[in-house]
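# Working through the structure, step by step
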Amino acid sequence: MMEKTFNPAQAETRIYDAWEQSGAFQPKDDPNAKPFCIVIPPPNVTGRLHIGHALNNTLQDVLSRYKRMLGDSVLWQPGTDHAGIATQMVVERQLAANQDPSRRDMGREKFVERVWEWKEESGGMILQQLRRLGASCDWSRERFTLDEGLSEAVLNVFVELYKQGLMYRGKRLVNWDPKFETAISDLEVENIEVDGHMWHFKYPLAGGKTYTYVEKDEDGNVTLTEERDYISIATTRPETMLGDGAVAVHPDDERYAPIVGELCEIPVGPKEHRRLIPIITDEYPDPEFGSGAVKITGAHDFNDYEVAKRNNIPLYRLMDTQAAMRADGPSYDECAAKAQAIARGADLPSEAEVDAINLVPEDYRGLDRFEAREKIIADITAEGLAVMVTPEAKEGDEEAPQPIPLVENKKIQQPFGDRSNVVIEPMLTDQWFANAGELAKEAIAAVEDGRTTFHPKNWEKTYFEWMRNIQPWCVSRQLWWGHQIPAWYGPSYRISETRPEGDAKEVVFAGEEPKTVWLQLDYRAPQVFVAEDFEGAQERAREYYKSCGLEPEVVGDVPSMHDAEELEEAAPRAVALWRDPDVLDTWFSSALWPFSTLGWPDKTPEVAKFYPNTVLITAFDIIFFWVARMMMQGLHFMKDEDGKPQVPFKDVYIHALVRDEKGQKMSKSKGNVIDPLELVDEYGADAVRFTLAAQAGQGRDIRMSTQRVEGYRNFGTKLWNAARFCEMNECAVPAGFDPSNVTQTVNKWILAEAQSTVAAVNKGLDEYRFNEAAAAAYRFVWNIFCDWHLEFAKPLFGGEDAAAKAETQATTAYVLDIALKILHPFMPFVTEALWAETAKRDTQLIVADWPQLDGLANADAEAEMSWLIDVITNIRSLKAEMNIAPGKPLNAVLVGASQDILDRVERNRPLLARMARLEEISASNSVPPASAPTVVGETVIALPLDGVIDLDAERDRLAKELKKLDGEIMRLEKKLGNAKFVANAPEEVVAGEKAKLADYTAQKTKVSEALGRLETA
């Protein structure tokens, strides 16, 4: 006998272990089975399961279980991402908490060893948490982005891209995190609105030049004319003024036409070395914003960077890796002189030479950027070069107000590191870049021509907008944890048999005859040698130096350029190579995930079978950072037998956000974060999964609440109780049972409903409409099977017709099996438990065959049972509206019914009497007096109410209820008609009031109909 209830806490671990031990999660070893492959978006090895993970992995598991039961060879590939910054941060915090040596004290090798120790002990907990959710990944194939095989793939891709000219090292502007001292991606930057300021300063014109500054209104009327010897700029970051390369104005801005091409003075720094910069035109400045003049600091602002590149303006870096003002290099006067020469037309030096120019005056060197800001503002103001305004005089003031510096207080968007929580600095640094523009071409074409399709399709627009405007991809990070870039450096090497000018080494080389040569080694522009290992780099270095005419010994690899110089001093005939200390962006390795996890670059059977993957399920916020990059790398490296590029996946399903029950985004600060594991503990994994899947409508965010989860737990309980009812009534599927041969109308009907439901679930899952598939399964199990079929079956179970009883027992058990199968992808634990409880089985449910139903549609049976359900439902509704107890027996009169309807009633009289609580069912040509009618199809069914209720009292009650509802509706309509309320009230409050209005309106309709019936009674 089955237990009375299903206990998830006791059953889930046992069932999951049985699945895993049976090998059910592994792909079917059948060459005829259709391959289905889905890769898990690799969670950070530091991660913990949150509600977004729960949604993402529930949907992946639903598809995997569905396809597995269809007979496909299913590979759901699991694994984790090494999460460079996050993991390094976790271990550094651990070191600090334990008072262990710091990362830098420990050194790179020891620190990386420590991170691996942490990973083995504590990393990857999220994969254990996914098991609790029921994820049926093939854990035997678990991968890690830093494991040996994936590391080989990463090195292979980097080297190949470099050989093809698609990977290069260059100096560009990047997001720089001063706390972690590394470049970070846009994804790791949070733009937060904060209170800011905009300062207005005067840039004096060179040589005391003046011009007539004229302002006009929209109609062209002059509103201001004055002689100026300066140009005014506004900035939110005064500390970056030191690195200005120009002031830009719009080419159509007539105010500044007289001074375009002139030089102006940066109003900060030692007066005797005050720098001059040109005034240029560019489309970037907005004449309507501020003064219309914009200072161009190309090394510290992304917009300025583009202007500077267009106009050949030097890029002067002002800060070190911790965002303090630079304290390196020659004196300010020497650097300012070099910059001045460039401003006056000298040739622009190389990037390395410009970067060596430190334009931070000695008074500001070494200061934190924000300390420097305050000092710069004070110094400019003291010199009288701040734009001044005079406040309005106040009544009672004895003296006229004195001018004060113009400072606008305003909200600004400031970039913060999502993990460091410090302000991100746009920084000009040497980094490795992939030519994303070239790689994107095929990735764009693949979506345009339908080789890969987004679901919902509107996400393709987001994909295209980014891909068609893509920038070079910065792939390097200044971290220790990750894939170290496979690049080694050696000095540029020139030789001369006559002593050159400048520094040179005198070296005697042995040959046929010893001879003296001079070597010039350039460390500022080192030669790079890219290879998968040091030996390969060594060989490439030998080839390079041989091309210079000499064959020195190439040794290394040493940690840094400084070590290389020291080694060469000790061994003049040797050239040392030092390895690039940077690691690759985490997204670089995860971009290879669809094929590296299958064993590529080796030609494994898994690559041949499971690439391209079938579908990817992920969130919209990583379309740019992961989906697009997988498309680029997959298409570039994976080719079919004819050499044509292969997409990494055929479909991309973008799921929505999970919000709280009010529709608000979850956040710790709001205190509305829902922990999925706490829900699993309280309600079971099945309820959590079904809640997520049932709301996963394309393009619609999910509202999560414990009430919904509790409701779907009750659904599982309903299913369990239905199975117990079947067991008590000895329902079982006999050998040889053929559902197409049933004779009872109720059985024909339930089988037809089962067939149409299976088709609906199939359609929903095949089209990634998870909510529609879940809704179809829910409706069938709760409403059709439990609420109606089992009630219709009771008289047959207890009847005298043995054949009808046996057929109904068999049909009910058969349909219960179908219900378990179609619910299994959504609610795997309770269905697997019931599968084992309800019959002796040859297999677990997880690998049972998906229902294949055909030929069971029966229009007559469906019409008859649907009519019967409508009659019972309408009579029950009438009773509720008339305030009549549900169990009170009534009479029913069929008015003007056809013979077909009367025959239908006769066939089902016991069911109608039992389920609608009817004493007598009769026919008449007219509606009896004092009765309430309802219409089913073309038949009027009247319920005589005389003696059943007090008609007058009921009319009064309904009239009062109607008046009350009218009042509520009027109040809400007035409230929602107030534009100020709608505009200012929180979105969830407005939505709640609209929902109340809709509810009251629906109630009014029902009450009005009930009152109308009584008016005619």
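Whatever comes next refers back to the structure up there.
Let me sum up the structure you'll find in this document. This one's a predicted model, so the numbers in the text were calculated from it and none came from an experiment.

Sheet topology note: the strand S32 (residues 890-895)/strand S35 (residues 939-944) ladder contains 3 bridges and is antiparallel. Following the sheet pairing, Val893 is matched in S35 by Ala942. Sheet analysis places strand S34 (residues 931-936) next to S35, joined by 6 bridges and oriented antiparallel. From the neighbouring strand, Thr934 faces S35, where its bridge partner is Ile941.

Take helix H27 (residues 859-881) next. Given a rise of 1.5 Å per residue, 23 residues ought to cover 33 Å, and the 32 Å separating the end C-alpha atoms of H27 matches this to within 8%. Regarding H27, the residues found buried are Ala861, Glu864, Met865, Trp867, Leu868, Ile869, Val871, Ile872, Ile875, Leu878, Lys879 and Glu881. In the segment just after H27, Asn883 is the residue with positive phi, at about 65 degrees.

Our focus in this paragraph is the nonpolar core. If you look at soluble globular proteins, the nonpolar side chains tend to sit buried side by side. Ranked by internal contacts, the top residues of the largest apolar core, which has 203 residues, are Tyr463, Phe588, Met704, Trp749, Phe770 and Phe792. Non-local contacts of Trp749, meaning those with residues more than four positions away in its chain, are made with Ile784, Trp788, His789, Phe792, Ala861, Glu862, Met865 and Ile869. In terms of nonpolar packing, the next biggest core, distinct from the first, is built from 47 residues, Ile231, Ala339, Leu359 and Ala372 among them.

Reading across from one edge, S6-S5-S18-S20 is the order of the 4 strands in this open sheet, with antiparallel pairing throughout. Bordering the open sheet on either side are strand S6 (182-184) and strand S20 (473-474), each of which pairs with just one other strand.

With 23 residues, helix H22 (residues 706-728) should reach 33 Å at 1.5 Å per residue; the first-to-last C-alpha distance of 33 Å fits that figure. Residues of H22 that are buried: Val709, Tyr712, Phe715, Gly716, Leu719, Trp720, Ala722, Ala723, Arg724, Phe725 and Cys726. For H22, the secondary structure elements touched by its buried residues are helix H20 (676-683), helix H21 (685-694), strand S31 (702-704), helix H24 (770-797), helix H25 (802-823) and helix H26 (828-838). Following H22 by one or two positions, Glu730 adopts a phi angle in the positive range, close to 55 degrees.

We now examine the packing of aromatic side chains. Tallying each qualifying case throughout the model produces 45 aromatic pairs. Between Tyr162 and Trp432 the ring centres are 6.1 Å apart and the planes differ by 70 degrees, which places this aromatic pair in the edge-to-face class. With Tyr162 in helix H7 (residues 148-163) and Trp432 in strand S18 (residues 425-434), this residue pair connects regions lying 270 residues apart in the sequence. Under the relative-accessibility criterion, Tyr162 is labelled partly exposed at 27%. Here the basic side chain of Arg65 rests over the ring of Trp19, its NZ or CZ set 4.3 Å away from the ring centre.

Let us look at the sheet that holds strand S19 (residues 453-455). Strands sit in the order S19-S29-S28 across an open sheet of 3 strands; the sheet is parallel. Looking at which strands have only one partner, the edges of the open sheet turn out to be S19 and strand S28 (613-619). Taking each pair of neighbouring strands and ignoring which way they run, the sheet shows an average axis angle of 20 degrees. Across 6 bridges, the pairing between S28 and strand S29 (residues 649-655) is parallel. The partner of Asn613 across the bridge, within S29, is Phe649. Across the sheet, helix H19 (residues 623-637) lies against S19, S28 and S29, angled at about 165 degrees from S28, the strand it touches most.

The rules behind each value
Residues numbered from 1 in each chain as written. Predicted model: local features only at pLDDT ≥ 70, side-chain atom pairs only at ≥ 80, totals over all residues. Heavy atoms only, no water. Pairing = 2+ DSSP bridges. Helix = DSSP H or I, 4+ residues; strand = E, 2+ residues; numbered from the N terminus. Expected span 1.5 Å × (residues − 1). Buried < 20%, exposed > 50% of the residue type's maximum accessible area, 1.4 Å probe, protein only. Core = buried A, V, L, I, M, F, W, Y, C linked by side-chain atoms within 4.5 Å. Contact = heavy atoms within 4.5 Å. Phe/Tyr/Trp six-rings, centres within 6.5 Å; stacked < 30°, edge-to-face > 60°. Lys NZ or Arg CZ within 6 Å of the ring centre and 35° of its normal. Axes fitted to C-alpha atoms, helices over the stretch in contact; angles between N-to-C directions.

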